[in-house]
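# Structural characterization, general
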Amino acid sequence: MALRGPPSTVVSVAFRLARSSSRTAARPPSSPTCSSAVSIAGGVRSSVGRVHSTRMIAMSEVVHVRGVGDGDDVGAGLSAVERAAVMSAVAAVIMHCDMEVEGQRRWARLRARRRKLMPATTTEALDSAAICDAMLEVCCALGCGGLPRVTQRWWVKRRTGGTWEDLRPADDATDDYFRDKLRMSPRVFREIVENLSPILQRRVTFYREPLQPDQIVAYALYRWASDETYESSSCSFGIGRAAGLVAVGDVTAALLSVYREKVAWPTGVRKAIVLRAFADKGFPNCHGCIDCTHIYVDKPTNAPAEDYYDRKRRFSVVAQVVVDLDLRILDVFVGYPGSCHDVRIVHLSTLWSRAAAGELFTGPPVLLPFQVQTNGYLLANNGYLPSEWMVVSFGGVAQHPLESRFDSKQKTARGAVERAFGRLKGMWRLCLGSHKTNMKTLPQQFVVICILHNILIDADIPFDENLLWEVDANGVRRRVDLGIHRPPRPLSMETSTGEAIMLRQALAERMMRR
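The structure contained in this document is the topic of the report that follows.

The rules behind the values
- Residues numbered from 1 in each chain as written.
- Predicted model: local features only at pLDDT ≥ 70, side-chain atom pairs only at ≥ 80, totals over all residues.
- Heavy atoms only, no water.
- Phe/Tyr/Trp six-rings, centres within 6.5 Å; stacked < 30°, edge-to-face > 60°.
- Helix = DSSP H or I, 4+ residues; strand = E, 2+ residues; numbered from the N terminus.
- Buried < 20%, exposed > 50% of the residue type's maximum accessible area, 1.4 Å probe, protein only.
- Lys NZ or Arg CZ within 6 Å of the ring centre and 35° of its normal.
- Axes fitted to C-alpha atoms, helices over the stretch in contact; angles between N-to-C directions.
- Parallel < 35°, antiparallel > 145°, perpendicular 65-115°, else oblique.
- Left-handed = near helix turned anticlockwise from the far one by under 90°.
- Contact = heavy atoms within 4.5 Å.
- Core = buried A, V, L, I, M, F, W, Y, C linked by side-chain atoms within 4.5 Å.
- Domains from an automatic or database assignment.

On to the packing of aromatic side chains. Given two aromatic rings, their pairing is described by the distance between the two centres and the angle made by the two planes. In this structure the tally under the stated criterion is 10 aromatic pairs. When the centroid spacing of 5.4 Å and the interplanar angle of 75 degrees are considered together, the rings of Phe394 and Phe406 count as edge-to-face. Of this pair, Phe394 sits in the loop between β7 (390–391) and α15 (401–427) while Phe406 is found in helix α15, placing the two residues 12 residues apart along the sequence. Assessed through its relative accessible area of 16%, Phe394 is described here as buried. Here the basic side chain of Arg223 rests over the ring of Tyr230, its NZ or CZ set 3.9 Å away from the ring centre.

Below you can see the structure in the form of structure tokens.
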């Protein structure tokens, strides 16, 4: 073990070890004596290293000491060999301590020099805000192509641009080209992109530049406006099929989140405009027209195919829509298979439950002939059962002049539904023909198309009637199939209530008096 303590104590112990070794044998120190000297050196090193000024005192005590030993050996001196061994050990320890002290001073000077080169205070160093700004600048540099990126993998599709390059503002894209590809003007497109950008903005990565919100929105609109497949439409925009699927899903969710109020039951001033328009047609307090259309799809794979088989022997999904005379969609309900009848659809829809709860027609009642009062109603074809809030035509062959006049006016007003379906499916041709789709996402996409339909009406985007015509395989020009299934025969009036029959009769009588 190394000796610890003041230098005088260490030297005393050294003398005792030396004398004990001289008693054992009068010969040069053996291996144990050498190990003892090493231990003495360790003790002296630790003590002298603490106080450098005691080195000369320790040397003086070693040289001039006399009579150091046990109590019974007082006055006995060390031999010349013992004294020389102790002095050599102490001198070696003192020299080693001098070297350590000099080394410590050298390291202290080096650390002081490094501190001078570093910032004087910690407040001058970069804080978290500066670090975030630096990271943002690096990300912007990566997004702008200022810094090199990791080499793209061989399975990553190279983006070539295609149709999107022709739609970019840098090119000479005209309004007609925008309407042909995206069904809207550049101004309306920029407004939609601006509102959806906070939701569609992608994070910058080290692999490739992310798709920008304007390109994502443009692809989704192009997908809905054309009847192309994902493979064909994605190639037109220079993106992969998987990226196209994700883009359509993201734009669908974003439009439902931002523009949900575009398809809503009219209130306030808008409700007054709708009621005034129908009153001019001879139907006071009428809120809209209701009908169903079929969206043709390929044979479903994860659902019973016979459920989607409609009367025209095609696979379809039924969509129930309520419109006003401006062709604006007020309510939409979609998702049930094509084999369902229109009456079943309306009973399953939220429109029926809201009407039963008195949430749809909340305006003041209107007094009609025969003291009939009505709070509001919808116009429908003979495929629906008459009710106190749904007015259908009389039908039949041999009609009374009163019935014939009523049916003529009712059919004219109800023609707004067919015109709305023509505009909707003509502009957004994905819903026009049969296509492969996901049954889980089809209802949301159709609601989004109805939202876009209303946005374009509010923006006064005109509709090209030529979109409703097509040339068949035989070269014959014919009108497109809008998916409107006329009932084979009117439903029986036996299940109709007295209030429904009286409402229709009062409306017919009012028309005859005018």
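What follows deals with the packing of helix α11 (residues 241–258) against helix α16 (residues 442–458). Across the interface, α11 lies against α16 with an axial gap of 10 Å and an inter-helix angle of 60 degrees. One way to sum up the angle between α11 and α16 is to call them oblique. For the pair α11 and α16, the crossing hand works out as left-handed. The residues of α16 that touch α11, namely those facing Val248, Thr252, Leu255 and Leu256, are Gln444, Gln445, Val447, Val448, Ile451 and Leu452.

All right, on to the nonpolar core then. Counting residues in each nonpolar core, the largest one holds 89 residues, and the members touching the most others are Trp224, Trp428 and Phe446. Each of domain 1 (163–259) and domain 2 (268–513) accounts for three or more of the residues forming this core. If near-sequence neighbours (up to four positions away) are discounted, Trp428 is found in contact with Leu182, Arg183, Met184, Leu221, Trp224, Ala225, Ile449, Leu452, His453 and Leu456. Grouped together as the second largest cluster of nonpolar side chains are 20 residues, Val322, Val346, Leu360 and Met390 included.

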